[in-house]
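Below, each chain spelled out in residue letters.
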Amino acid sequence: MIRGGQCKWYKLSTVMSARMTTSLPRVPTTSPSSTHLQSSPATTADEQSALAEGDRWRRHRDALQAVVPLLQAGEQEEQARRTVARAPVPDVGFLHAHGLLGLWWHGPLREQLRGWPDDSAIRHLLVRESLHRAAQGRALERIAGAFTEARLRWLVLKSAGYRDELYPCADMRVSTDVDLLVDSHDLDHALRLLERLGARALSPGSGHERPFRFDAVDVDLHWDVLAPGRLPRKWVTGLLERRVRRGDLWRPDDTDTLLLALVHPAFAKHVCSRHMGLNRVADTLLLLRRFRFSPAELRQRLDAAGVRRAAWASACWAQRLSPVAVPELERLLAQLAPSAPMRRYIETWIDRDWPDRWVERHPIINQLGLLLWLHDGSAHRARVIGCAAWRGIRRAGR
């Protein structure tokens, strides 16, 4: 989530990466540098050469190597583990900044780090992440019990709702916060329940969510998935009607889970800006491989919401970073592809890294130049513009 132009995960990881540079051993790597979440400003000759050749995302693909064994099965999985274990270790600060340190530590990285003279900083970070995840689980259990007892329609959004189904080890995927979605008609009741449980509102929130602090856990209560106007109002109702139960928690069904994993970061993280952590790309690759979604139903729901271009843009970004070919991703790109001119336009933004260039300095350029055109038709774009204008009028009148 972006608040005030900054992503909570990005701010935390940037600070932690800066601290880690003084305590972590340096790991030699041939991966190229990138403008995204660098833990060190220096670039080697190999990195500069790779950038000159146009392979600016090689460092990102190297960091995503740890997800390859999870995409395979049987003998191929074991072979992939051996291959990744022999590969150069990516920069540890870079892995932590992108939420991939747990994935590497509980996978190929652990054997390589065992002989390091000073890995206490890494262990400390991982223990903190594990404790934070456990606290999130306890908070979710209490909130789920209260919402279910009150007969509210609710579900868990984003990774907190599906990470246990994707990753064999719970600590492989951390989430900075817990996102809950309720029906707008139940919003007041849900707010009262959270306050009764001891949650403390952190701010008045925005037009679609309100942040809370609950037992040292950040909980965002949504009544819409994205900013007002991005999705039709009735779309959230359908999302709640199609929800599925996993244990004590409700989450979107498999098709909606994939849809949200593609559409939400396209708008909230500007497709491929520095706020788009690589752990989200890993999630997308695993969702495509492991969840039983209907491609025809996915396209139908995207068309109904007018965000098929947004889903295609996120899939296009995932394809560029995937360290291996994922057939499900290739088929999805073909099924969701927009017109040739729009396809070239979106690819130009991604390949030239424009979203990251403007996300901090002039985000309005991204809003008007890219995000507005991720809506499929003029009616959907008019809805976005109208809602944004209405919000501006209301702010001006306060």
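As a starting point, this report considers the structure included with it.

Parameters at a glance
- Residues numbered from 1 in each chain as written.
- Predicted model: local features only at pLDDT ≥ 70, side-chain atom pairs only at ≥ 80, totals over all residues.
- Heavy atoms only, no water.
- Phe/Tyr/Trp six-rings, centres within 6.5 Å; stacked < 30°, edge-to-face > 60°.
- Helix = DSSP H or I, 4+ residues; strand = E, 2+ residues; numbered from the N terminus.
- Buried < 20%, exposed > 50% of the residue type's maximum accessible area, 1.4 Å probe, protein only.
- Patch = residues over 30% accessible without salt bridge, like charges linked within 9 Å, V, L, I, M, F, W, Y side chains within 5 Å.
- Areas by Shrake-Rupley, 256 points an atom, 1.4 Å probe, with all protein chains shown as cover.
- Salt bridge = Lys/Arg side-chain N within 4 Å of Asp/Glu carboxyl O.
- Contact = heavy atoms within 4.5 Å.
- Pairing = 2+ DSSP bridges.
- Axes fitted to C-alpha atoms, helices over the stretch in contact; angles between N-to-C directions.

1. Focus on the packing of aromatic side chains
Geometrically, a pair of aromatic rings is defined through the distance of the ring centres and the angle of the planes.
Piece 1. Scanning the model with the defined rule gives four aromatic pairs in all.
Piece 2. Here the aromatic rings of tryptophan 57 and tryptophan 317 are separated by 4.9 Å at their centres, their planes lie at 90 degrees, and the arrangement is edge-to-face. Within this pair, whereas tryptophan 57 is found in the loop between α2 (45-52) and α3 (58-63), its partner tryptophan 317 is found in helix α16 (residues 308-321), the two being separated by 260 residues in sequence. As far as burial versus exposure is concerned, tryptophan 57 and tryptophan 317 are alike and both buried.
Piece 3. Site record: aromatic cluster; members linked through ring pairs are Tyr345, Trp349 and Trp354.

2. Describing a nonpolar patch on the surface
Piece 1. A surface patch of nonpolar side chains, about 270 Å² in accessible area, is lined by Ile364, Ile365 and Leu368.
Piece 2. If you trace the backbone, isoleucine 365 turns up in helix α20 (residues 363-369).
Piece 3. Judged by its relative accessible area of 32%, isoleucine 365 is partly exposed.

3. Digging into unusual backbone geometry
Piece 1. Residues other than glycine seldom take positive phi values, yet arginine 151 does so here, at roughly 60 degrees.
Piece 2. When you line up the elements, arginine 151 lands in the loop between α9 (120-149) and β3 (154-157).
Piece 3. Judged by relative accessible area, arginine 151 falls into the exposed class, the value being 76%.
Piece 4. For histidine 270, which is not a glycine, the phi torsion comes out positive at approximately 60 degrees.

4. Some words on the side chain of histidine 375
Piece 1. Residue position: histidine 375 is located in the loop between α20 and α21 (378-397).
Piece 2. The residues touching histidine 375, leaving out its near neighbours within four places in the chain, are Arg230, Phe267, Gly306, Val307, Arg309, His380, Arg381, Arg383 and Val384.

5. Focus on the sheet that holds strand β6 (residues 209-214)
Piece 1. The strand order across the open sheet formed by five strands is β3-β4-β7-β6-β5, and the pairing between neighbours is mixed. Where the open sheet ends on each side, the last strands, each with one partner, are β3 and β5 (200-201).
Piece 2. By the bridge criterion, six bridges tie β6 to strand β7 (residues 217-222) in an arrangement that is antiparallel. The residue bridging arginine 210 from the neighbouring strand is leucine 221, located in β7.
Piece 3. Running at roughly 15 degrees to strand β4 (residues 178-182), α9 makes contact with β3, β4, β6 and β7 of the sheet.

6. Brief notes about the environment of arginine 320
Piece 1. Relative to the helices and strands, arginine 320 is located in helix α16.
Piece 2. On the basis of relative accessibility, which here comes to 18%, the residue arginine 320 falls in the buried class.
Piece 3. In sequence terms arginine 320 and isoleucine 350 are 30 residues apart; their C-alpha atoms lie 9.5 Å from each other.
Piece 4. In this view, arginine 320 contacts Arg61, Glu347, Ile350 and Asp351; residues no more than four positions away in its chain are not counted.

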